[in-house]
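Observations on the model geometry
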Amino acid sequence: MATETEIELFLKDFKFKLDFWGLLFQNRLNKKNFQTLTDLELNVEDVKKELKALAVANYSEGPLPDKLYNGAPMWVFGKMVSKREIYIKITMGQPNDKVICISFHFPEHNMTYPYKK
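Right, let's get into the nonpolar core. In terms of nonpolar packing, the biggest core is built from 29 residues, with Ile7, Leu51, Phe77, Ile90 and Phe104 touching the most fellow members. For this core, the elements supplying multiple residues, two or more each, are α1 (4-21), β1 (23-25), α2 (31-40), α3 (44-52), β3 (74-81), β4 (84-91) and β5 (99-105). Here this core takes 5 residues from α1, the largest share from any one element.

Structure, rendered in structure tokens:
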């Protein structure tokens, strides 16, 4: 489990890179993501807005090894969006490239938030 300081630093770097390089959103490859966006009537710009609003209290787990892209570690967050809990898995991606949102869908298991007050 990451410390609050480690989470703060990750989110600061992630948001800066998101603004600078942009977002690769796994919408077409992950049908759960697509279905969640459809159900909540959201688009990729809405996802970016939600990612920019992540805070330490939204942290659930990580960093986890990235087995999909052989890149930066993955971090898991959760937050309420349109009154529904959303499971969010993100990574910094490759250097000098977009950040990656791997998951943005309804959770398949109970999520824990160790820093939620």
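What follows picks up the thread again.
So, about the pairing of β4. Of all 8 residues that make up β4, 6 are buried, and the element is covered over most of its length. Sheet analysis places β3 next to β4, joined by 8 bridges and oriented antiparallel. Along β4, the bridge assignment pairs tryptophan 75 with isoleucine 90. Counted along the chain from β3 to the antiparallel partner β4, the turn is 2 residues long, and its residue serine 82 has a positive phi close to 50°. One ladder, built from 5 bridges, connects β4 with β5; its direction is antiparallel. Directly across from isoleucine 88, in β5, lies its bridge partner phenylalanine 104.

A separate point is the side chain of lysine 89. Of note, lysine 89 is situated in strand β4. For the buried residue lysine 89, which engages in no salt bridge, the nearest side chain bearing the opposite charge is glutamate 61, 7.6 Å off. Residues within four places of lysine 89 in sequence aside, it is in contact with Met74, Trp75, Val76, Ile100, Cys101, Ile102 and Ser103.

A sheet is described by the order of its strands in space; here 5 strands give the open sequence β1-β5-β4-β3-β2, paired in mixed fashion. Each end of this open sheet is capped by a strand with a single partner; those strands are β1 and β2 (59-64). For this sheet, the mean angle separating the axes of adjacent strands, direction not counted, is 25°. The pairing of β2 with β3 spans 3 bridges and is classified as antiparallel. Note that in β3 the partner of leucine 64 across the bridge is methionine 74. Across the sheet, α1 is in contact with β1, β2, β3, β4 and β5; its angle to β3 comes to roughly 80°.

It is worth spelling out the side chain of histidine 105 at this point. Position of histidine 105 among the secondary structure elements: in strand β5. Overall, histidine 105 belongs to the buried group, its relative accessible area being 4%. Every residue in contact with histidine 105, bar those within four places of it in the chain, is listed here: Asn30, Lys32, Asn33, Thr36, Glu85, Ile86 and Tyr87.

What counts and how
Residues numbered from 1 in each chain as written. Predicted model: local features only at pLDDT ≥ 70, side-chain atom pairs only at ≥ 80, totals over all residues. Heavy atoms only, no water. Core = buried A, V, L, I, M, F, W, Y, C linked by side-chain atoms within 4.5 Å. Buried < 20%, exposed > 50% of the residue type's maximum accessible area, 1.4 Å probe, protein only. Helix = DSSP H or I, 4+ residues; strand = E, 2+ residues; numbered from the N terminus. Pairing = 2+ DSSP bridges. Lys, Arg positive; Asp, Glu negative; His and termini not counted. Salt bridge = Lys/Arg side-chain N within 4 Å of Asp/Glu carboxyl O. Contact = heavy atoms within 4.5 Å. Axes fitted to C-alpha atoms, helices over the stretch in contact; angles between N-to-C directions.

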